[in-house]
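# Overview (structure and organization)
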Amino acid sequence: MFGFWRLWLLATILAIGWALLCFALTHDRRYLRRVLAIVRWSAGLLIIVACFWLIFRLLR
């Protein structure tokens, strides 16, 4: 399971870095919106998984 999270973290960091680099080179604000979308999606996934983990721990 930790392998999945490390892979997810690596992919998220690479995607954010790519978008920020593209923004730095082009000054196109669409790349900043992509960064925001990636961060929101990752945070949402983290919150959902944390809620299920907490429910599982409380029921156990």
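This is a predicted model, so every value here is computed, not measured.

In terms of helices and strands, the protein chain carries two helices and zero strands. Here the C-alpha radius of gyration of the protein chain, 15 Å, is well above what a compact globule of 60 residues would show, namely 10 Å. Summarising its shape, the C-alpha atoms of the protein chain cover approximately 50 × 20 × 10 Å along the three principal directions. Counting only residues that meet the buried cut, the protein chain has 10% of its 60 residues in that class. For the protein chain, the exposed surface amounts to about 5,300 Å²; the carbon and sulfur share of it is 76%.

Here we come to the packing of aromatic side chains. For the structure on display, the rule yields four aromatic pairs. Judged by centre distance (5.1 Å) and plane angle (70°), the ring pair of F4 and W5 falls under edge-to-face. Judged by centre distance (5.3 Å) and plane angle (35°), the rings of W8 and W41 are tilted. Remark: W41 occurs in helix 2 (residues 30-59) and W8 occurs in helix 1 (residues 2-26); sequence separation between them is 33 residues. Overall, the relative accessible area of 25% leaves W8 in the partly exposed class.

Attention shifts here to a nonpolar patch on the surface. On the surface, W53, L54 and L58 cluster together into a nonpolar patch covering about 380 Å² of accessible area. Tracing the backbone through its elements, the reader meets L58 in helix 2. Note on L58: relative accessible area 66%, which makes it exposed.

Attention shifts here to the side chain of T12. Within the element layout of this structure, T12 appears in helix 1. Among residues more than four places away in sequence, those in contact with T12 are I38 and S42.

Checked against the element boundaries, T26 lands in helix 1. Each C-alpha atom, one on T26 and one on L10, is 24 Å from the other, the two residues being 16 residues apart in sequence. Within the structure, T26 has its side chain in polar contact with the backbone oxygen of C22 (distance 2.7 Å).

Thresholds applied
Residues numbered from 1 in each chain as written. Predicted model: local features only at pLDDT ≥ 70, side-chain atom pairs only at ≥ 80, totals over all residues. Heavy atoms only, no water. Helix = DSSP H or I, 4+ residues; strand = E, 2+ residues; numbered from the N terminus. Rg over C-alpha atoms; globule rule 2.2 N^0.38 Å. Buried < 20%, exposed > 50% of the residue type's maximum accessible area, 1.4 Å probe, protein only. Areas by Shrake-Rupley, 256 points an atom, 1.4 Å probe, with all protein chains shown as cover. Phe/Tyr/Trp six-rings, centres within 6.5 Å; stacked < 30°, edge-to-face > 60°. Patch = residues over 30% accessible without salt bridge, like charges linked within 9 Å, V, L, I, M, F, W, Y side chains within 5 Å. Salt bridge = Lys/Arg side-chain N within 4 Å of Asp/Glu carboxyl O. Contact = heavy atoms within 4.5 Å. Polar contact = N/O pair within 3.5 Å; in protein donor to acceptor, adjacent residues only side chain to side chain.

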